[in-house]
Amino acid sequence: PLLETRNMAAVALDPNGITAGRPSRRAKRPASRRRLLTARAAGSNEDKPTAQSVLSFLCPLLKAFGGGDAAAPRNRTLEVATSGFASIARLPFGSKVDEACIARPASAAPKERIILYEFEACPFCRRVREALSQLDLTVEVRPCPKDAVKHRAEVEAMGGKLTFPFLVDPNTDAGKGGMYESEDICRYLYRNYGNGAEFPEGIVSTTVLTGWMPTLLRAGRGMTRYANAATHREKDDPIEPLTLYNYEGNQFARLVREALCELELPHVLFNCGKGSPRRATLTEVAGEGASVPYL
């Protein structure tokens, strides 16, 4: 398991899904035990966390409830309601563009497209998408759900391990080689593209409390690749990324992102949250009165 530790919680993301360790109580553990936990948090794969949390118990249930035919008709009222509660759980993050970014000159935006490897159900990937929405940035998403046939292999080839999110920014020396760790990615994005905006610490500090709520409310949607999804593996069979006008906190856009992830379809997230001057582009493309999501 590959671990990411934040705010006294250890949460493991492995190639086959999500498991979580219980919050650490370092003050009550001997030094040797603390050293072992530190090694695990650094990414050691010598042994797995033995402590089982509520989330580690729930994750198999999420897979079960989210299983079956993903293409089968769903109860629209239930889908919209659970997605809406998921958005409420993460308020105010991922909905409104930071004022400093509204005033960001075009010359300060990324020249080449940033690439994000992630999967919709992951709470750490979610915080990166929230930051991207608030920064009003466009990013190409290469979904990496469980059982992915292509994009997970790309991450392992570039970074050497299967931990998500993984971001590649060809515009900077620090980003072109790729980076793991969601908090590091969020801080990097604000430092390079925030136009002086203060980093929203709440995106990081609240993940352990509310970051899992959308995953639970949506019963693991956006976690596993749809078994009948088309495969595009050959070099002579490329698939051009779709474009989704979106912002992270939109309850309807979430439903579309889940489907794109389960189908492992690469797509460009054209973020245009509340207050974004880029909504004018959406109007140009889709017509007056257009709203997100628009694919």
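Structure: above.
Please read all numbers here as calculations on a predicted model, not as lab measurements.

## A word on the overall build of the protein chain
Looking only at helices and strands, one finds 13 helices and 8 strands in the protein chain. Put simply, the protein chain has 295 residues, and 48% of those count as buried. Long-range contacts, defined here as pairs at least 24 residues apart, represent 74% of the contacts in the protein chain between residues at least 6 apart.

## Quick word on the sheet that holds strand β4 (residues 114-118)
An order of β6-β4-β5-β8-β7 is seen for the 5 strands of this open sheet, with the pairing classed as mixed. This sheet does not close on itself; its edge strands, each paired only once, are β6 (166-168) and β7 (242-246). Mean inter-strand twist for the sheet, computed between neighbouring axes without regard to direction, equals 25 degrees. One ladder, built from 3 bridges, connects β4 with β6; its direction is antiparallel. Residue pairing across strands places Ile 115 opposite Val 168, the latter belonging to β6.

## As for the packing of aromatic side chains
Within the structure shown, the criterion is met by 6 aromatic pairs. Centroid distance Tyr 117 to Phe 166: 6.1 Å. Interplanar angle 55 degrees. Geometry classified as tilted. Taken together, the positions of Tyr 117 in strand β4 and Phe 166 in strand β6 put the pair 49 residues apart, joining distant regions of the chain. Since its relative accessible area comes to 1%, Phe 166 is described here as buried. When the centroid spacing of 5.4 Å and the interplanar angle of 85 degrees are considered together, the rings of Tyr 190 and Phe 199 count as edge-to-face. Here the two residues Tyr 190 and Phe 199 agree in accessibility, since each one is buried. Of the aromatic side chains, those joined through ring pairs into one cluster are Tyr 117, Phe 166 and Tyr 180.

## A look at the side chain of Arg 142
When you line up the elements, Arg 142 lands in strand β5 (residues 138-143). Of note is the side chain of Arg 142, whose polar atom sits 3.0 Å from the side chain of Glu 140. At a separation of 3.3 Å, a polar atom in the side chain of Arg 142 contacts the side chain of Glu 154. When residues no more than four places from it in sequence are discounted, the contact partners of Arg 142 are Ile 115, Leu 116, Tyr 117, Glu 118, His 151 and Glu 154.

## Describing the packing of helix α5 (residues 123-135) against helix α8 (residues 182-193)
As a packed pair, α5 and α8 sit with axes 9 Å apart at the nearest point and diverge in direction by 10 degrees. By the angle class used here, α5 and α8 are roughly parallel. Residues Phe 124, Arg 127, Val 128, Ala 131, Leu 132, Gln 134 and Leu 135 of α5 pack against Ser 182, Glu 183, Ile 185, Cys 186, Leu 189, Tyr 190 and Tyr 193 of α8. Tallied by class, residues from the contact of α5 with α8 come to 10 nonpolar, 2 polar and 2 charged.

How each quantity is defined
Residues numbered from 1 in each chain as written. Predicted model: local features only at pLDDT ≥ 70, side-chain atom pairs only at ≥ 80, totals over all residues. Heavy atoms only, no water. Helix = DSSP H or I, 4+ residues; strand = E, 2+ residues; numbered from the N terminus. Buried < 20%, exposed > 50% of the residue type's maximum accessible area, 1.4 Å probe, protein only. Contact = heavy atoms within 4.5 Å. Pairing = 2+ DSSP bridges. Axes fitted to C-alpha atoms, helices over the stretch in contact; angles between N-to-C directions. Phe/Tyr/Trp six-rings, centres within 6.5 Å; stacked < 30°, edge-to-face > 60°. Polar contact = N/O pair within 3.5 Å; in protein donor to acceptor, adjacent residues only side chain to side chain. Parallel < 35°, antiparallel > 145°, perpendicular 65-115°, else oblique. Nonpolar A, V, L, I, M, F, W, Y, C, P; charged D, E, K, R; others polar.

By themselves, these observations are geometric and do not establish any function.
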